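Here is what each chain is made of, one letter per residue.
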Amino acid sequence: MYSADVVKNEFYTTATRSGLEASEVAVLKKSIPGAVDLRKLKKNETMRLVVGKKSGKSRVVAYTLSTGKEKFVGYRVSDNNFYLLSDSAQFASLTYPKPPSARISSSFSPARVNPVSGKTSPHNGIDYSMPMNTKIVSVTSGTVTKAEYNKTMGYYIEVTGNTGVKTRYLHLNKILVKKDQHVGQGSSIALSGNSGRSSGPHLHYELLMNDKPIDSLAYQPQLRPGKLEQHVYAHIQQYEQYLD
């Protein structure tokens with residue numbers, strides 16, 4: 001009933017080979033991230049299409065798109081739309097993906113005693129002790145809304161996702177991105193440091209929901225899917241064997 005086709009170079013050639021009409025290609029293209037050019041996939045970009053039949057016509061029922069840094073999984077939810085599983089899956093874990101050299105040196109605490117000033121003040125994130133110039137990656141995909149210097153936070157970055165979830169990275173040594181730049185989940189954004197009000201080389205990582213600081217180590221995502229997610233998950237087992 002279904003067939004899979006891998007696209008490594010020219011998408012439209014594969015689409016024609018799979019019997020997809022122009023209207024079907026247009027629907028698929030609409031769900032693909034704008035940075036991906038289907039006319040010529042890059043070396044690190046590959047797609048796997050799962051093609052089925054409806055009313056005698058070929059159509060894509062699911063796909064995976066790997067860009068090297070990100071992986072998108074799309075499932076058909078209507079004649080004109082795909083649901084990107086990454087829309088929700090990217091928030092499955094919002095803890096900092098720390099390198100092996102890092103260790104937690106200070107936890108989230110609303111009433112922590114600041115080690116520099118000696119005063120009681122909220123610690124709205126998690127501190128990870130690590131060597132200078134350790135690569136820092138973005139926990140979520142989104143837009144860089146701040147990339148600047150502050151006398152307290154030092155060099156820092158704020159990334160805001162489409163749902164309003166924010167992540168912040170403080171006391172950096174070097175910022176590798178610019179304000180308004182789009183970054184993917186897992187993208188390198190900075191090198192760790194000891195800038196600003198800091199007692200030693202480390203990364204201070206913050207997670208904010210609706211601009212409210214959240215303990216990232218205690219955060220639990222919403223596990224009860226809505227009607228749309230239930231519709232999608234009902235098809236995952238049906239298609240997943242073709243997406244491997």
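Please refer to the structure placed before this passage.
Now for a quick tour of the structure. Computed from a predicted model, the values in this text were never measured in an experiment.

Tallied over the full model, the rule gives 7 salt bridges. Two residues, Lys54 and Asp79, come together in a salt bridge whose shortest N-O distance is 3.0 Å. Of this pair, Lys54 sits in strand 2 (residues 46-54) while Asp79 sits in the loop between strand 4 (71-76) and strand 5 (82-84), and the two are 25 residues apart along the sequence. Look at Lys54 and you get partly exposed, because its relative accessible area is 40%.

Glancing now at the side chain of Ser216. Mapping Ser216 onto the fold places it in the loop between strand 17 (212-214) and helix 4 (227-243). Of the residues examined, Ser216 reaches a relative accessible area of 3% and is grouped as buried. In contact with Ser216, other than residues within four places in its own chain, are Leu94, Thr95, Ile126, Tyr205 and Leu207.

The subject of this paragraph is unusual backbone geometry. With a phi angle near 75°, Asp180 is a residue other than glycine that sits in the positive phi range. Looking at the element boundaries, Asp180 is found in the loop between strand 13 (166-175) and strand 14 (182-183). Owing to a relative accessible area of 61%, Asp180 belongs among the exposed residues under this scheme. Even without being a glycine, Asp211 presents a positive backbone phi close to 65°. Along the chain, the position of Asp211 falls in the loop between strand 16 (202-209) and strand 17.

Let us now look at the environment of Pro213. Among the structural elements, Pro213 can be located in strand 17. Once the C-alpha coordinates of Pro213 and His123 are considered, the two residues, 90 residues apart in sequence, prove to be 9.4 Å apart. For Pro213, the contacting residues outside a window of four places in its chain are Phe108, Asn124, Leu207 and Leu208.

Next up on the list: the pairing of strand 3 (residues 57-66). Burial of strand 3 is extensive: 8 of the 10 residues sit out of reach of the surface. Where strand 2 and strand 3 come together, 9 bridges link them in antiparallel fashion. In the sheet register, Lys54 faces strand 3, and the bridge partner there is Lys57. Connecting strand 2 to the antiparallel partner strand 3 that follows it, the hairpin turn spans 2 residues, and Ser55 within it adopts a positive phi of roughly 55°.

Counting through the fold element by element, Asp127 comes out in strand 9 (residues 126-129). Reaching out from Asp127, the side chain makes a polar contact with the side chain of His123 at a distance of 3.1 Å.

We now examine the nonpolar core. Judged by nonpolar contacts, the single largest core of 22 residues is most densely connected at Tyr96, Ile136, Ile157, Tyr169, Ile189, Leu203 and Tyr205. Every element with two or more residues in this core is listed here: strand 9, strand 12 (154-160), strand 13, strand 15 (188-192) and strand 16. For this core, the element with the highest residue contribution is strand 16, accounting for 4 residues. Beyond its immediate stretch of four places on either side in the chain, Leu203 contacts Tyr96, Ile126, Asp127, Tyr128, Met130, Ile136, Tyr169, Leu170 and Leu172. The next biggest cluster of nonpolar side chains, apart from the first, holds 19 residues, and it includes Ala15, Leu41, Tyr63 and Phe82.

Rules used in this analysis
- Residues numbered from 1 in each chain as written.
- Predicted model: local features only at pLDDT ≥ 70, side-chain atom pairs only at ≥ 80, totals over all residues.
- Heavy atoms only, no water.
- Salt bridge = Lys/Arg side-chain N within 4 Å of Asp/Glu carboxyl O.
- Helix = DSSP H or I, 4+ residues; strand = E, 2+ residues; numbered from the N terminus.
- Buried < 20%, exposed > 50% of the residue type's maximum accessible area, 1.4 Å probe, protein only.
- Contact = heavy atoms within 4.5 Å.
- Pairing = 2+ DSSP bridges.
- Polar contact = N/O pair within 3.5 Å; in protein donor to acceptor, adjacent residues only side chain to side chain.
- Core = buried A, V, L, I, M, F, W, Y, C linked by side-chain atoms within 4.5 Å.

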